[in-house]
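Observations on the three-dimensional arrangement
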Amino acid sequence: MKIKILKLFSISLLLAIIFAGCDKQYDTVIENFNPNYQVKLVSPSDSIRYNRVDSLITIRIAFNNFSSIQNVFCDVYAADNTKLNSSPLSLLDNGKIANGDDVAKDGSYANKIGLSEYYPNGIYNIKYFVTDNSNTTKQVALGTFKFDNGQNNIAPVISNLILADSLNVGVSFVFSVLATDQNGYNDILRVYFELYRPDSTLVTDGNGNSKFRMYDDGNLTVYGDQVAGDGIFSFKNSFLDDVSTQRGFWRFEFEAIDIGNKLSNKIIKQVKVL
């Protein structure tokens, strides 16, 4: 992963410092400002696996030219965008091991926060803020790390398919399936279906893709989904009312896949198109 830190020097030159990490890039632009301090390091910036013996991780940010800094703090967001700290987490340059700082007044600010095996797997974000001597507070950096909650990866399960036994051409219809995962909702990467015509040919889109994604976003108009994030994945469609649409039994095959590439059970249903 990459962390991108943006700052504007006194001569108004924008400098982006990119720290190399995992395989994904993050290009969040931080508000332009004119500090005389400069961010040189943030951490963590790699992968973290939950440890039951010590669930605390150290969050750190280091600066050059830090004399004008009054306070440093951060907010930590889980993969589902839930903020882990109820109040701003102060980062301290006090030389105390208890909060993860090694040397006092060296421009490196740190503190510890606990992670849980019940937190979702995925990419976590850390937003770093500075209040300077003029009492101006700015976000100065965005850090990311990948969290593994240490639970055994269990394949998702799909159930409760709702799809009519017969459909008329030219008439819009909605179908849905419930997807669950013991590793948490956020471990579900995708729920999809494949569709076979009565002559057994597989339906694909214009790019050759045959796996049509279903949605749990609460978009009733486009996808027919009623409630976002409830685990019910929906799709809204219709068969064209023309000679190209084959009449007879179409085969729907439903499946889900998780972040660890484990596949769910498959649900197959034959639907008669009239």
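The following refers to the structure shown. All of these numbers come straight from a predicted model, not from anything done at the bench. (Residues numbered from 1 in each chain as written. Predicted model: local features only at pLDDT ≥ 70, side-chain atom pairs only at ≥ 80, totals over all residues. Heavy atoms only, no water.)

Taken as a class, soluble globular proteins show a tendency for nonpolar side chains to be buried jointly. If you look at the biggest cluster of nonpolar residues, it comprises 27 residues, and the most contacted ones within it are Ile59, Ile61, Phe63, Tyr128 and Val140. Elements with a contribution of two residues or more to this core: strand 3 (38-43), strand 5 (56-64), strand 6 (69-77), strand 7 (89-91), strand 8 (108-114), strand 9 (122-132) and strand 10 (137-148). Apart from residues lying up to four places away in sequence, Ile59 is in contact with Ser43, Pro44, Cys74, Val76, Leu89, Leu91, Tyr109, Ala110, Asn111, Ile113, Ile126 and Tyr128. Residues Leu167, Val203, Phe212 and Phe254 belong to the second largest nonpolar core, which totals 25 residues. (Core = buried A, V, L, I, M, F, W, Y, C linked by side-chain atoms within 4.5 Å. Buried < 20%, exposed > 50% of the residue type's maximum accessible area, 1.4 Å probe, protein only. Helix = DSSP H or I, 4+ residues; strand = E, 2+ residues; numbered from the N terminus. Contact = heavy atoms within 4.5 Å.)

It is worth spelling out the side chain of Asp225 at this point. Within the secondary structure layout, Asp225 lies in the loop between strand 15 (212-213) and strand 16 (232-237). Despite being buried, Asp225 has no salt bridge partner; Arg213 is the closest side chain of opposite charge, sitting 12 Å away. At 2.8 Å, the side chain of Asp225 and the backbone nitrogen of Gly218 are in polar contact. Each residue touching Asp225, except ones within four places of it in the same chain, is listed here: Tyr215, Asp216, Asp217, Gly218, Asn219, Leu220, Ile232, Phe233 and Ser234. (Lys, Arg positive; Asp, Glu negative; His and termini not counted. Salt bridge = Lys/Arg side-chain N within 4 Å of Asp/Glu carboxyl O. Polar contact = N/O pair within 3.5 Å; in protein donor to acceptor, adjacent residues only side chain to side chain.)

Further remarks concern the sheet that holds strand 14 (residues 188-196). On the basis of which strands lie adjacent, the open sheet formed by five strands has the order 12-18-17-14-15 and mixed pairing. Two strands close off the open sheet at either side, each with one partner strand: strand 12 (166-167) and strand 15. As paired strands, strand 14 and strand 15 are joined by two bridges and run antiparallel to one another. Bridging across to strand 15, Tyr192 finds its partner in Arg213. (Pairing = 2+ DSSP bridges.)

Another aspect to go through is the pattern of salt bridges. Tallied over the full model, the rule gives seven salt bridges. The shortest N-O distance in the salt bridge between Asp101 and Arg60 comes to 3.9 Å. Taken as a pair, Asp101 in the loop between strand 7 and strand 8 and Arg60 in strand 5 lie far apart in primary sequence, 41 residues in all. Each member of the pair, Asp101 as well as Arg60, is classed as buried. One salt bridge connects Glu194 with Lys211, and the closest N-O pair in it is separated by 3.7 Å. One end of the pair, Glu194, is in strand 14; the other, Lys211, is in the loop between strand 14 and strand 15, and 17 residues separate them in sequence.

With five of its seven residues buried, strand 8 lies for the most part within the structure. In this structure, strand 5 lies alongside strand 8, joined through seven bridges in antiparallel fashion. By the bridge assignment, Ile59 is partnered in strand 8 with Asn111.

What follows deals with the sheet that holds strand 3. Sheet architecture is open: three strands sit in the order 3-5-8, paired in antiparallel fashion. The open sheet terminates on both sides in strands that have one partner only, identified here as strand 3 and strand 8. Between one strand axis and the next, the sheet turns by 15° as a mean value, whatever way the strands run. One ladder, built from five bridges, connects strand 3 with strand 5; its direction is antiparallel. Bridge pairing in strand 5 places Leu41 opposite Ala62. (Axes fitted to C-alpha atoms, helices over the stretch in contact; angles between N-to-C directions.)

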